[in-house]
Amino acid sequence: MRSPLLTLPKAELHIHIEGSLEPEMMVALAQRNGITLPYDSVEAVQAAYQFENLQSFLDLYYAGAQVLQTEQDFYDLTWAYLQKCAAQQVRHTEIFFDPQTHCDRGIPFEVVHSGITQALLDARVQIGVSSALILCFLRHLSAEAAMATLEQALPYRGIIIAVGLDSSELGHPPSKFQAVFDRARAEGFLTVAHAGEEGPPEYIWEAIRLLKVSRIDHGVRCVEDPALVEYLVEHQIPLTVCPLSNVKLCVFDEMAQHNLKQLIDLGLCVTVNSDDPAYFGGYMAENFAAVESALGLTPEHLVQLAENSFKASFLPPEKQKPYLEELLTYKTSLEKI
Ligand code: HPA
Ligand code: ZN
């Protein structure tokens, strides 16, 4: 049976746009903007990508993001990612962006927002990739700073459909941001949060109970709490799992030890995503390929993951429908091979 990796229609629900900054673009933008990087070549950048945990990655990721300065830079970054989506049959993507990473070094919110948004709008028309934005708060910063960022974003509602929580998880529980998320929901935003990547199951419970999230980003540590697994299964709260990221950041020692198949077998609504593709060794197709071979996933598993990705998306049911129908046609064609 042919591998459905590249041709499988799917949605991506966990991608940080700043994490799609490829070393080549990092070096090119540094040159364009007259910024000196601590690396003298693309190879030197790549060689630095050896991480021990989330924090060791975040240190490099925030440093890399400094090359993003102008609206054109944000446009180029987003456009390059969307081209990857089109090439890998990612029909719909819900993209995280971190305004604090940029605004705190003097780049106006408007510049970040318009560069990204213009690329999203062009991609809808020119390459048929549908999209939405999720504004993430940096959880290592204060709740007050998150609230100020939310207020800054209010005039830009529309393409920003949800707020999320990323950056250093340990020591920064979801409860720290309860008031910010209350306000975000009152303003009409949906909510998601990174939880249970490095943090304990209790952080997943807090994200559900206090932040009232629609999805959990990562969530792989849920298996440590059977009552939590039962709750996630019963309510079909999706997990946006990022396999290559989890291995690169040492959440699992190797892909063969990843618990993705266990999560599927437990009846959880699991999706596969790339997180920070330029840093972790691949986009959606590479993540699917990695779990397929290391965990022995069948074509049926892969189709299930793709189906989950559309159902777990924030697309309204009538917009999910054509993608699910396309997937059904695809599944039928696989069965004939
Ligand atoms: N976890 C938390 N914060 C992040 C990540 C991640 O995997 N990627 C970018 N910011
Ligand atoms: Zn992430």
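Before any of the text, the structure's been laid out above.
The structure displayed is predicted, hence computed values, not measured ones.

Reading the values: rules and limits
- Residues numbered from 1 in each chain as written.
- Chains lettered and ligands numbered in written order.
- Predicted model: local features only at pLDDT ≥ 70, side-chain atom pairs only at ≥ 80, totals over all residues.
- Heavy atoms only, no water.
- Phe/Tyr/Trp six-rings, centres within 6.5 Å; stacked < 30°, edge-to-face > 60°.
- Helix = DSSP H or I, 4+ residues; strand = E, 2+ residues; numbered from the N terminus.
- Buried < 20%, exposed > 50% of the residue type's maximum accessible area, 1.4 Å probe, protein only.
- Near = heavy atom within 4 Å.
- Polar contact = N/O pair within 3.5 Å; in protein donor to acceptor, adjacent residues only side chain to side chain.
- Areas by Shrake-Rupley, 256 points an atom, 1.4 Å probe, with all protein chains shown as cover.
- 1 Å grid on protein atoms, 1.4 Å probe; cavity = no way out; pocket = protein on both sides within 12 Å on 5 of 7 lines; lining within 4 Å.
- Sits in = over half its atoms within 2 Å of the grid points.
- Donors = N, O, S within 2.8 Å, 3.2 Å for Na, K, Ca; no water.
- Axes fitted to C-alpha atoms, helices over the stretch in contact; angles between N-to-C directions.
- Left-handed = near helix turned anticlockwise from the far one by under 90°.
- Contact = heavy atoms within 4.5 Å.
- Nonpolar A, V, L, I, M, F, W, Y, C, P; charged D, E, K, R; others polar.
- Parallel < 35°, antiparallel > 145°, perpendicular 65-115°, else oblique.
- Points joined across faces, edges and corners; volume = space filled by probe spheres on them.
- Pairing = 2+ DSSP bridges.
- Right-handed = clockwise from strand over helix to strand, strands pointing away.

**Q** How do you make sense of the packing of aromatic side chains when you look at a structure like this?
**A** Any pair of aromatic rings gets described here by the distance separating the centres and the angle formed by the planes. The final tally for this structure, using the stated rule, is 15 aromatic pairs. With a centroid separation of 5.4 Å and 75 degrees between ring planes, the pair formed by Phe 57 and Tyr 279 is classed as edge-to-face. Taken together, the positions of Phe 57 in helix α3 (residues 54-64) and Tyr 279 in helix α13 (residues 277-280) put the pair 222 residues apart, joining distant regions of the chain. What makes Phe 57 buried here is its relative accessible area of 2%. Judged by relative accessible area, which is 2%, Tyr 279 ranks as buried.

**Q** For this particular structure, what's the right way to read the site of ligand 1?
**A** In the vicinity of ligand 1, the contacting residues are His 16, Leu 54, Phe 57, Leu 58, Tyr 61, Asp 166, Ser 167, His 194, Glu 197, His 218, Asp 275 and Asp 276. Between ligand 1 and His 218, the relevant distance is 3.3 Å, taken from an oxygen atom to a side-chain nitrogen or oxygen of the residue. Protein contacts shield 100% of the accessible area of ligand 1, which totals 260 Å² for the unbound molecule. Placement of ligand 1 is best described as lying within the largest cavity. Of the residues forming the shell around ligand 1, the biggest block, 4 residues, is contributed by α3.

**Q** Please clarify how the coordination of the zinc ion (ligand 2) should be interpreted in this entry.
**A** Any two of four tetrahedral donors ideally make an angle of 109.5 degrees at the metal, while pairs among six octahedral donors ideally make 90 or 180 degrees. His 14 (NE2), His 16 (NE2), His 194 (NE2) and Asp 275 (OD) make up the full set of protein donors to the zinc ion (ligand 2), lying at 2.1 to 2.2 Å. Counting gaps between the donor residues of the zinc ion (ligand 2) yields the pattern H-x1-H-x177-H-x80-D. On the criterion of sequence distance, the pair formed by His 16 in strand β1 (residues 10-16) and Asp 275 in the loop between β8 (270-272) and α13 is long-range, its members being 259 residues apart. Overall, His 16 belongs to the buried group, its relative accessible area being 4%.

**Q** What is the right way to look at the packing of helix α9 (residues 201-209) against helix α10 (residues 226-235) in this model?
**A** The description of two packed helices rests on the angle between their axes and on the distance between the axes. At a minimum axis separation of 10 Å, α9 and α10 run at an interaxial angle of 35 degrees. Our pair here, α9 against α10, has a crossing hand that is left-handed. In this structure, α9 uses Pro 201, Ile 204, Trp 205 and Ile 208 to contact α10, whose residues at the interface are Ala 227, Leu 228, Tyr 231 and Leu 232. Among the residues forming the contact of α9 with α10, the class breakdown is 8 nonpolar, no polar and no charged.

**Q** Which parts of the structure should I look at to understand the packing of helix α15 (residues 299-311) against helix α16 (residues 317-335)?
**A** At a minimum axis distance of 10 Å, the contact between α15 and α16 shows a crossing angle of 175 degrees. Relative to α16, the element α15 is oriented roughly antiparallel. On α16, the residues that touch Pro 299, Val 303, Ala 306, Glu 307, Phe 310 and Lys 311 of α15 are Gln 320, Tyr 323, Leu 324, Leu 327, Tyr 330, Lys 331 and Leu 334. Grouping the amino acids of the contact of α15 with α16 by side-chain chemistry returns 9 nonpolar, 1 polar and 3 charged.

**Q** Is there a simple way to think about empty space enclosed by the protein in this case?
**A** The method is simple in principle: a probe with the dimensions of a water molecule rolls over the atoms, and the space it marks as empty is what remains. Inspection of the entire model under this criterion finds 2 cavities of 30 Å³ or more. Estimates place the volume of the largest cavity at around 110 Å³. Every residue lining the largest cavity is counted, 15 residues in all, and those nearest its centre are His 16, Leu 54, Leu 58, Ser 167 and His 194. Looking at which element gives the most residues to the lining of the largest cavity, the answer is α3, with 5 residues. Taken together, the residues of the lining of the largest cavity break down into 6 nonpolar, 4 polar and 5 charged. For the second largest cavity, the calculated volume is near 40 Å³.

**Q** Looking at this structure, I do not really get the environment of Ala 153. What am I missing?
**A** The residue Ala 153 is located in helix α7 (residues 143-153) in this model. Judged by its relative accessible area of 1%, Ala 153 is buried. Sequence-distant contacts of Ala 153, defined by excluding residues within four places in its chain, comprise Phe 109 and Leu 135.

**Q** Just checking my understanding: could you explain the environment of His 218 for this structure?
**A** With respect to the secondary-structure elements, His 218 resides in strand β6 (residues 215-218). Overall, the relative accessible area of 0% leaves His 218 in the buried class. Measuring from C-alpha to C-alpha, the distance between His 218 and Asp 253 comes to 16 Å, with 35 residues separating the pair along the chain. Sequence-distant contacts of His 218, that is, excluding residues within four places in its chain, are made with His 14, His 194, Ala 195, Gly 196, Glu 197, Leu 239, Thr 240, Val 241, Cys 242, Ser 245, Asn 246 and Asp 275. Within the structure, the side chain of His 218 is placed 3.2 Å from the side chain of Glu 197, a separation counted as a polar contact.

**Q** I keep staring at the sheet that holds strand β5 (residues 190-195) and nothing clicks. Help me out?
**A** Two pairing modes exist for strands in a sheet, parallel and antiparallel, and in both the strands are linked by backbone hydrogen bonds. Ordered by their spatial adjacency, 8 strands build an open sheet running β1-β2-β3-β4-β5-β6-β7-β8, and the pairing between neighbours is parallel. In this open sheet, the two strands that pair with only one neighbour each are β1 and β8. Averaged over all pairs of adjacent strands, the angle between strand axes in this sheet comes to 25 degrees, irrespective of strand direction. Summarising the sheet, β1 and strand β2 (residues 90-97) pair through 5 bridges and their orientation is parallel. The partner of Ala 11 across the bridge, within β2, is His 92.

**Q** Which parts of the structure should I look at to understand the pairing of β6?
**A** As a general feature of sheets, a regular strand has side chains that alternate between the two faces. Examined bridge by bridge, β5 and β6 share 4 bridges and lie parallel to one another. Across the sheet, His 194 pairs through a bridge with Asp 217, a residue of β6. Note on the crossover from β5 through α9 to β6: the handedness is right-handed. Of the strand pairs in this sheet, β6 and strand β7 (residues 239-241) are connected by 2 bridges, and their pairing is parallel. Residue pairing for β7: Asp 217 is matched across the bridge by Thr 240. In this region the chain leaves β6, passes through α10 and returns to the parallel neighbour β7; the handedness of that crossover is right-handed.

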